[in-house]
Protein chains: 2
Amino acid sequence: MARTSASQPPARPRSVVEADVRDDAAPAKKRLDLFHFMPFRLNRLAAEVSSALSSEYQARYGLDIPEWRVLATLGFRSDPCSAQYIAHCTRTHKSTISRAVSALMEREIVERVENADDRREFRLRLTRKGQALYEELIPRLLRKEQEILSCLSAQERRDLGRLLDKVEASLDLVQTSEEADAKDVY
Amino acid sequence: MARTSASQPPARPRSVVEADVRDDAAPAKKRLDLFHFMPFRLNRLAAEVSSALSSEYQARYGLDIPEWRVLATLGFRSDPCSAQYIAHCTRTHKSTISRAVSALMEREIVERVENADDRREFRLRLTRKGQALYEELIPRLLRKEQEILSCLSAQERRDLGRLLDKVEASLDLVQTSEEADAKDVY
DNA sequence: CTAAATTAGTCTCACTTGCAACTATCTTAA
DNA sequence: TTAAGATAGTTGCAAGTGAGACTAATTTAG
């Protein structure tokens, strides 16, 4: 695990493109180390964490990620909600949610009831079987999460959570202004 | 941004499934708030950050993520390296890297030279055009990264980096023991 | 009341990607 | 030297997914 843990010197990517004018004092970053590049790190970390978790919900219960997200959303909320809502709050495409819901209904984990007020939309909720699955799965996943985070102290976990909060919040703003579409709803 | 930041009220739906043997001192988390669940947060954040960056390399330069990873790896290293190496250190499947390399060769961004020592493998490197592209792209991406992280203080960024270091390191261990395959090489 | 616009959900299409088979090459051992 | 096994890279195939068209239902405007 030889990861050049180079502590970012207080230098910023000065100047621009071609000009290789850099001096020791303010080194222009002309190269980019993927291992220190946050977007790459996040992607890789997310993929690895997902894969570590998938053994719980995928291998054991045959759920894929979208299905797990539906299950998690319905299980967390006490009242039934629409597919649209799940799509919004998990930020998953509605067609993906639609397919996940179909699969879960097939397996009788989720059921839907018509909404008399608006017959385009269905209210989704867990069946008893779905509830049982949810309650069996949750402790496993939480344990796995703790296992992954066990390398951090309690304080560090709080710190990490807080830092992610900030980045998330800031991204939401950025995105809303850039592609203000279906993001504002939830 | 109404995110149910609900600090898990101490009231939980007891009852269901089997053993509910926990007491208040050690509250059994029977529900799981996706928004506080680290794997979900990482996935979502990584996706959003990627999408924020893709405007730089995708829309502007027509690179997809695997292609960008190849470019980044070759641009960072001073000496040519194999596709295998890129696959290992970016943790991307070799077939994906293979396709990305093909596309980049097609566009004359990457070229490969035979390795006389081992004619199965090719040494990959950026062409002059590839170098130029790399050097034009890097400042943009670094700027974007800074933009995304601008919600954090310098100290907080260091903290975040350090926390991710720890989690990454711990995951590498976990994975190596669990699925010790192509991970150990790099 | 009717027409246009909007919304929930489904479905088809195109694209991406991981897997695994395959080729070519190299290594090891008999 | 030859055969078996490993390795680098490519490719066919199948599964998953986002975009966007489409249907049905609702809302809004005239």
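Residues numbered from 1 in each chain as written. Chains lettered and ligands numbered in written order. Predicted model: local features only at pLDDT ≥ 70, side-chain atom pairs only at ≥ 80, totals over all residues. Heavy atoms only, no water.

Caption draft 1: Examining the overall build of chain A more closely. A tally of helices and strands in chain A yields six helices and two strands. For chain A, the succession of helices and strands along the chain, N to C, is α-α-α-α-β-β-α-α. Among the 186 residues that make up chain A, the fraction classed as buried is 44%. Expressed as a percentage of contacts within chain A between residues at least 6 apart in sequence, the contacts between residues at least 24 apart total 50%. Element-wise, carbon and sulfur atoms account for 51% of the exposed surface of chain A, whose accessible area totals about 9900 Å². (Helix = DSSP H or I, 4+ residues; strand = E, 2+ residues; numbered from the N terminus. Buried < 20%, exposed > 50% of the residue type's maximum accessible area, 1.4 Å probe, protein only. Contact = heavy atoms within 4.5 Å. Areas by Shrake-Rupley, 256 points an atom, 1.4 Å probe, with all protein chains shown as cover.)

Caption draft 2: Structural context of the protein's contact with DNA strand C. Lining the immediate environment of DNA strand C, one finds 19 residues, of which Gln84(A), Ser98(A), Arg112(A), Arg120(A) and Thr96(B) sit closest. The share of sugar and phosphate among atoms of DNA strand C within 4 Å of the protein is 59%. Between DNA strand C and Lys94(A), the relevant distance is 3.0 Å, taken from a base oxygen to a side-chain nitrogen or oxygen of the residue. The side chain of Ser98(A) places a nitrogen or oxygen atom 2.6 Å from a phosphate oxygen of DNA strand C. When residues of the surface near DNA strand C are traced back to their parent elements, those giving at least two are α3 (83–90) and α4 (94–106) of chain A together with α4 (94–106) of chain B. (Near = heavy atom within 4 Å. Polar contact = N/O pair within 3.5 Å; in protein donor to acceptor, adjacent residues only side chain to side chain.)

Caption draft 3: Region of the structure containing the packing of aromatic side chains. Using the criterion set out here, one finds six aromatic pairs over all chains in the structure. Ring geometry for Phe37(A) and Trp68(B): centres 6.1 Å apart, planes at 65°, overall edge-to-face. Pair noted here: Phe37(A) is in the segment before α1 (38–59) and Trp68(B) is in helix α2 (residues 65–76), and the two residues belong to different chains. Taking relative accessible area as the criterion, Phe37(A) reaches 2% and is therefore assigned buried. Centre to centre, the rings of Tyr57(B) and Trp68(B) are 5.8 Å apart; their planes meet at 10°, and the pair counts as stacked. Highlighted residues: Tyr57(B) in helix α1 (residues 38–59) and Trp68(B) in helix α2, separated in sequence by 11 residues. Of the residues examined, Tyr57(B) reaches a relative accessible area of 3% and is grouped as buried. The structure contains a cluster of three or more aromatic residues connected by ring pairs, namely Phe37(A), Tyr57(B) and Trp68(B). (Phe/Tyr/Trp six-rings, centres within 6.5 Å; stacked < 30°, edge-to-face > 60°.)

Caption draft 4: Molecular detail of the protein's contact with DNA strand D. Not every one of the 19 residues close to DNA strand D is listed here, only the nearest: Thr96(A), Gln84(B), Ser98(B), Arg112(B) and Arg120(B). Expressed as a percentage, the sugar and phosphate content of the atoms of DNA strand D within 4 Å of the protein is 58%. A distance of 2.5 Å separates a phosphate oxygen of DNA strand D from a polar side-chain atom of Ser98(B). Looking at the surface near DNA strand D, the elements with two or more residues in it are α4 of chain A together with α3 (83–90) and α4 of chain B. Here the surface near DNA strand D takes four residues from α4(B), the largest share from any one element. When grouped by side-chain class, the residues that make up the surface near DNA strand D number three nonpolar, seven polar and nine charged. (Nonpolar A, V, L, I, M, F, W, Y, C, P; charged D, E, K, R; others polar.)

Caption draft 5: Local environment of the side chain of Thr73(A). Summarising the element assignment, Thr73(A) is placed in helix α2 (residues 65–76). In this structure Thr73(A) touches Tyr85(A), Ile86(A), Cys89(A), Thr90(A) and Leu34(B), once residues within four positions along its chain are discounted.

Caption draft 6: How the structure looks around α4(B). Residue and element names in this part refer to chain B. Here α4 contains 13 residues, and its C-alpha end-to-end distance of 18 Å stays within 8% of the 18 Å for a straight helix at 1.5 Å per residue. When we look at burial in α4, the residues that qualify are Ile97, Ala100, Val101 and Leu104. Seen end-on, α4 carries its buried residues on one side only, within an arc spanning 100°. Summarising the geometry of α4, the exposed residues directed more than 90 degrees from the buried face are Arg99 and Glu106. Tucked inside the fold, the buried residues of α4 contact α2, α3, β1 (110–114) and β2 (122–126). (Expected span 1.5 Å × (residues − 1). Arc of directions from axis to C-beta.)

Caption draft 7: Broad picture of the environment of Ser170(B). Relative to the assigned elements, Ser170(B) resides in helix α6 (residues 154–178). Its relative accessible area of 15% is what places Ser170(B) among the buried residues. Beyond its immediate chain neighbours, meaning those up to four positions away, Ser170(B) contacts Ile148(A) and Cys151(A).

Caption draft 8: Inspection of the relation of the copies chain B and chain A at higher detail. Structural alignment of chain B on chain A gives an RMSD of 0.0 Å, achieved by rotating through 180° and translating 0.0 Å along the axis. Accordingly, the operation relating the two chain copies is best matched by a two-fold axis. Comparing contact sets, 92% of the residues at the interface of chain B also lie at the interface in chain A, consistent with an isologous, same-surface contact. (Least-squares fit on C-alpha atoms with pLDDT ≥ 70 in both.)

Caption draft 9: Broad picture of the environment of Cys151(B). Tracing the backbone shows Cys151(B) in the loop between α5 (128–149) and α6. Here Cys151(B) is in contact with Lys166(A), Val167(A), Ser170(A) and Glu156(B), once residues within four sequence places are set aside.

Caption draft 10: Expanded view of the packing of α2(B) against α3(B). All names here are of chain B. Running from N to C, α2 and α3 point in directions that differ by 105°, and their axes come no closer than 10 Å. With respect to each other, α2 and α3 are oriented roughly perpendicular. Where α2 approaches α3, its residues Arg69, Val70, Thr73 and Leu74 are matched on the opposing element by Tyr85, Ile86, Cys89 and Thr90. Of the residues contributing to the contact of α2 with α3, the split by class is five nonpolar, two polar and one charged. (Axes fitted to C-alpha atoms, helices over the stretch in contact; angles between N-to-C directions. Parallel < 35°, antiparallel > 145°, perpendicular 65-115°, else oblique.)

Caption draft 11: Just the nonpolar core, in detail. In this structure, Trp68(A), Val70(A), Leu71(A), Leu32(B) and Phe37(B) are the most contacted members of the largest nonpolar core, which totals 33 residues. Of all the secondary structure elements, the ones that give two or more residues to this core are α1, α2, α3, α4, β2 (122–126) and α5 (128–149) of chain A. Core analysis: the second largest hydrophobic core is formed by 32 residues, Phe35(A), Ala72(B), Leu74(B) and Ile109(B) among them. (Core = buried A, V, L, I, M, F, W, Y, C linked by side-chain atoms within 4.5 Å.)

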